[in-house]
Amino acid sequence: MIDALVLVVVVALGALAVYGLVTTVLNRPPDRWTRLAVAGVVALLAVQAAIAAVRVFSGVELPETSTFLIYLVVSVCVLPIATQFATAEPTRWGGAVVAAGAIGTAVAVVRLQGLWDAGA
């Protein structure tokens with residue numbers, strides 16, 4: 001994986017988590033800006049997943065390839081699901097749901113990097 005891209009993704013996820021918490025504190029339900037922020041971060045995650053998948057399927061040896069691929073899929077899927085839950089019934093807590101999804105995704109990305117480094 002590309003270390004700079006991992007850093008950008010983790011920082012974007014952190015910013016999204018803070019944004020979600022701020023909207024919760026301000027008593028605002030998720031709005032268009034929340035969906036746009038999530039879409040931007042998911043785009044970064046999709047780029048990262050595509051690069052990593054191409055590298056894995058082109059022959060990079062990892063000690064736990066199946067675990068890596070599962071984390072890769074999870075890293076792309078969690079935020080859209082969290083956003084769906086957050087916007088299904090728009091209350092002030094929708095931002096907290098997005099923040100929890102962002103934090104969970106950040107953990108998955110850090111774990112991905114750890115698995116990648118173990119194989120390098």
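Where an unreviewed UniProt entry is consulted, the protein chain appears under the name Integral membrane protein, with the organism given as Pseudonocardia petroleophila.

Draft legend 1. View of the UniProt feature "transmembrane region" (unreviewed entry) in the protein chain. Per the UniProt annotation, the sites labelled "transmembrane region" (unreviewed entry) are residues 36-56, 68-87 and 93-112. End C-alpha to end C-alpha, residues 68-87 measures 30 Å, and it is 100% helix and 0% strand. Between the end C-alpha atoms of residues 93-112 the distance is 29 Å, and the span holds 95% helix and 0% strand.

Draft legend 2. Structural view of the packing of helix 2 (residues 32-57) against helix 3 (residues 65-88). One can describe the packing of helix 2 onto helix 3 by two numbers: an axis separation of 10 Å at closest approach and a directional angle of 165°. Classified by the angle their axes make, helix 2 and helix 3 are roughly antiparallel. In the packing of helix 2 onto helix 3, the handedness of the crossing is left-handed. Where helix 2 abuts helix 3, its residues Arg-35, Val-38, Val-41, Val-42, Leu-45, Ala-46, Ala-49, Ala-52, Ala-53, Val-56 and Phe-57 lie against Thr-65, Phe-68, Leu-69, Leu-72, Ser-75, Val-76, Leu-79, Pro-80, Thr-83 and Thr-87.

Definitions and limits used
Residues numbered from 1 in each chain as written. Predicted model: local features only at pLDDT ≥ 70, side-chain atom pairs only at ≥ 80, totals over all residues. Heavy atoms only, no water. UniProt positions renumbered as here; feature names shortened; annotations may be inferred. Helix = DSSP H or I, 4+ residues; strand = E, 2+ residues; numbered from the N terminus. Axes fitted to C-alpha atoms, helices over the stretch in contact; angles between N-to-C directions. Parallel < 35°, antiparallel > 145°, perpendicular 65-115°, else oblique. Left-handed = near helix turned anticlockwise from the far one by under 90°. Contact = heavy atoms within 4.5 Å.

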